[in-house]
Each structure stands twice: as structure tokens, then as C-alpha cells.
Amino acid sequence: MTLIHSTEQLAIWRSSILDQTIAFVPTMGALHEGHIALIKRAAEQCDIVVVSVFVNALQFGDSSDFDRYPRSIESDHELSSAAGASIVFAPTTVEMFPPNFDNYVTPSPIAEQFEGASRPGHFAGVVTVVNRLFDLVQPHTAIFGAKDYQQVAVIRDMARALHPSLRILCSETIRDSDGLALSSRNSRLSPLARAKAVVIPNALFALRSAFNAGQLDCATLVQVARNILDTEQELAVEYLVVVDSQTLKCHVDVVAKDSIVLFAGIIDGVRLIDNIELKLFA
Ligand code: PAF
């Protein structure tokens, strides 16, 4: 495995790749089993896997959140290599955004609600860094995790406009044995809060069970989940919505198309997101 820190080194490496295909897994490090699954899937798709590790200040509204973001660069390299990556690109901020950098990207309207509304500027930061990484790595395929469902939708829109030949894949959310979606942020939960956070997947799974049993009324489905979330007083729900899985528009009344339930909430000062798919014809 080769570790590359500079954009110049990366360009030299990239120009040496002629016939092989490249799959790319962008990350902010603190790799967990969710990332490992993305890297393994990438290795199945292409000849070479590139993983980037860059904690992108542009996508954090709150600088203390950026400062507290977990960093574990050495284990990130080891885990990437063991999962099948050939290149880890871990640039400095100046390499990514030199003083003359001005290629800021505006996200599509799908970025405006939910995460975009809760975290102003977040998706502009995400699409700006991901576009820059795509320009540098020039992959054939890029893979993202479904836990950040809205992020994948926003990146797909950006790639459609700016990298039309790039294939964007979305890989299923990896969960702990009790159902909690893996996230680098979970490491910031106290053991007590970690135990309490299991109400999130429990609520989403209960909602999906009600849907699979034939309940299509959105308000009723949301109430099924709320009844479980409300048992945990430490959890502050930010949003819980049933939306069209393509447009992310809220259903007015009943679930009439394949949909996704999006959740965000704060427990123990840690903001967690999750989602679950509702497939009409599974
Ligand atoms: O999902 C993430 O880890 C980040 O948002 C990404 C896509 C690596 C961009 O910084």
C-alpha cells in the first residue's frame, strides 16, 4: 500500500495508471467496519482502490465539532490496506485547498432540507471537497455509505453535472449487533448514551415492520417510531420524516413510491443520523 500526502505525488501516480480501473472511497478517517465494507466493495468493482483520509473543515459549521472529530491516521492506513486499498491519499489542508483555491461548488436543491437545513453550508463543503478529490483521483467508480443517504443524493447530482462518466455507488449501512448504525461519531458517546442510542434503530425497524405489515399512512408510521423514540428522554429528535427515496420530498399523505425514512437526533451532545428504506415491491 502506498501512502500519498501531496497532490503532486498523486498526479504522478495517476498518470502512471493507463488501463486499470480505479474505485475511490473518500473518508474523513476514523475508519470502522462501515468503511471497511466500502473498501471491500470497491475492491470487487475495480482493479485499484484509492482511499482518501481528510477531515474537511469546510463541511463543519462548528469549529469545535471539527476539532473533536476523531482522528486515527495510523490505524486508518492499516485498515485500508488490509481491506484491499492500494493507495491512501491523506493530504494536508493546504494541499487540498491552496491559497489560490476558488473552485467552490454549489450543491443541488436536494441539499436544502434536513441535513442542509440543520447544518447550513455543510453540503457546499461536502461537494466542494468531493469534487476536488474526484478531480485529483480521477476514479471510474466512487462508493459512499447509505447511512449518509442525503449526502449520496447530493453527490450524485454534483457528479452528474461535473463528472458525467463517473459511476457513483451507494453501499448498505453497516450496523452494530444491536442495530445502531456504525459512525465515527459513536466513539464520542458515553457507555450509557451508547446503550440508550439503540432506541434509534429500534424505532426505525418498528416503523418498517408496520409498513411491511401494510400500514402506508405516513403520520401513523411516524407515530410508531415516535412512540419508541419518546421512551428515551435523553434523545432530542431533530427530524423524522418519510420521503420519496429519489427526490427526498416528503409524502403528503400515504407512501405511494419507494421511500426512505430519514432521522437525525442528539443524544449525550452527539448528533446521530440514520435512515431505513421502505420498498413497496420488495
Ligand atoms: O462522508 C464523509 O465521510 C464525508 O462527508 C466525505 C464524503 C468524505 C467528504 O468529506
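Going by the structure above, here's the rest.
Residues numbered from 1 in each chain as written. Predicted model: local features only at pLDDT ≥ 70, side-chain atom pairs only at ≥ 80, totals over all residues. Heavy atoms only, no water.

Asks: Could you give an account of the overall build of the protein chain, with specific residues and numbers?
Replies: Tallying secondary structure elements over the protein chain gives 11 helices and 9 strands in all. Scaling as 2.2 N^0.38, a compact globule of 282 residues should have a C-alpha radius of gyration of about 19 Å, and the protein chain matches this with 19 Å. Considered along the principal axes of its C-alpha atoms, the protein chain spans approximately 55 × 40 × 35 Å. The proportion of buried residues among the 282 residues of the protein chain is 53%. Of the contacts formed within the protein chain by residues at least 6 apart in sequence, a portion of 72% connects residues at least 24 apart. In the structure as shown, the protein chain presents an accessible area of about 13,000 Å², 52% of it carried by carbon and sulfur atoms. (Helix = DSSP H or I, 4+ residues; strand = E, 2+ residues; numbered from the N terminus. Rg over C-alpha atoms; globule rule 2.2 N^0.38 Å. Buried < 20%, exposed > 50% of the residue type's maximum accessible area, 1.4 Å probe, protein only. Contact = heavy atoms within 4.5 Å. Areas by Shrake-Rupley, 256 points an atom, 1.4 Å probe, with all protein chains shown as cover.)

Asks: Account for the sheet that holds strand β8 (residues 259-267), naming residues and giving values.
Replies: A sheet is described by the order of its strands in space; here 3 strands give the open sequence β7-β8-β9, paired in antiparallel fashion. The open sheet has two edge strands, β7 (235-244) and β9 (270-278), and neither has a second partner. Across the sheet, the mean angle from the axis of one strand to that of its neighbour is 15 degrees, orientation sign disregarded. Here β8 runs beside β9; their pairing, made up of 9 bridges, is antiparallel. Within β9, the position partnered with Ala 264 by the bridge is Ile 273. Relative to β9, helix α10 (residues 199-212) is tilted by about 15 degrees, and along the sheet it contacts β7, β8 and β9. (Pairing = 2+ DSSP bridges. Axes fitted to C-alpha atoms, helices over the stretch in contact; angles between N-to-C directions.)

Asks: Summarise the side chain of Arg 188; cite the residues concerned and give the values.
Replies: Residue position: Arg 188 is located in the loop between β6 (167-171) and α9 (191-196). Ignoring sequence-local partners within four residues, the contact set of Arg 188 consists of Asp 65, Arg 68, Tyr 69, Pro 70, Asp 268 and Val 270.

Asks: An account of the packing of α10 against helix α11 (residues 218-229) is requested, with residue identities and associated values reported.
Replies: α11 packs onto α10 with a crossing angle of 150 degrees between their chain directions and a minimal axis gap of 8 Å. Our classification of the angle between α10 and α11 gives roughly antiparallel. Viewed along their axes, α10 and α11 form a crossing whose handedness is right-handed. Every residue of α11 that contacts α10 at Val 199, Ile 200, Asn 202, Ala 203, Ala 206, Leu 207, Ala 210 and Phe 211 is listed here: Leu 221, Val 222, Val 224, Ala 225, Ile 228 and Leu 229. Residue composition of the contact of α10 with α11, grouped by class: 13 nonpolar, 1 polar and no charged. (Parallel < 35°, antiparallel > 145°, perpendicular 65-115°, else oblique. Left-handed = near helix turned anticlockwise from the far one by under 90°. Nonpolar A, V, L, I, M, F, W, Y, C, P; charged D, E, K, R; others polar.)

Asks: I'd love a proper account of the site of the ligand, names of residues and values included.
Replies: Around the ligand, the neighbouring residues are Pro 26, Thr 27, Met 28, Gln 59, Val 129, Val 130, Phe 144 and Gln 151. Between Gln 59 and the ligand, the recorded distance is 2.7 Å, taken from a side-chain N or O atom to an oxygen atom. Note that an oxygen atom of the ligand is positioned 2.7 Å from one of the side-chain N or O atoms of Gln 151. About the coverage of the ligand: the protein hides 89% of its 280 Å² of free accessible area. Here the residues of the shell around the ligand are counted per class, giving 5 nonpolar, 3 polar and no charged. (Near = heavy atom within 4 Å. Polar contact = N/O pair within 3.5 Å; in protein donor to acceptor, adjacent residues only side chain to side chain.)

Asks: So, the packing of aromatic side chains: which residues are in play, and what are the values?
Replies: Counted under the stated rule, the structure contains 8 aromatic pairs. Aromatic rings pair up to connect Phe 54, Phe 97, Phe 101 and Tyr 104 into one cluster. The aromatic ring of Phe 66 is capped on one face by Arg 71, whose charged end is 4.8 Å from the ring centroid. (Phe/Tyr/Trp six-rings, centres within 6.5 Å; stacked < 30°, edge-to-face > 60°. Lys NZ or Arg CZ within 6 Å of the ring centre and 35° of its normal.)

Asks: How would you sum up α10? Please name residues and give values.
Replies: A rise of 1.5 Å per residue sets the reference length of α10, with its 14 residues, at 20 Å; its end C-alpha atoms lie 20 Å apart and thus fit the reference within 8%. Buried residues of α10: Val 199, Ile 200, Pro 201, Ala 203, Leu 204, Leu 207, Ala 210 and Phe 211, and no others. On its buried face, α10 sits against α9, α11, β7, β8 and β9. Note on α10: the residue one or two positions beyond its end, Gly 214, has a positive phi of about 115 degrees. (Expected span 1.5 Å × (residues − 1).)

Asks: Account for the side chain of Asn 275, naming residues and giving values.
Replies: Tracing the backbone shows Asn 275 in strand β9. According to the relative accessible area criterion, Asn 275 is buried, its value standing at 6%. Beyond its immediate sequence surroundings of up to four residues, Asn 275 is in contact with Ala 146, Lys 147, Tyr 149, Arg 175, Leu 204, Ile 260, Val 261 and Leu 262.

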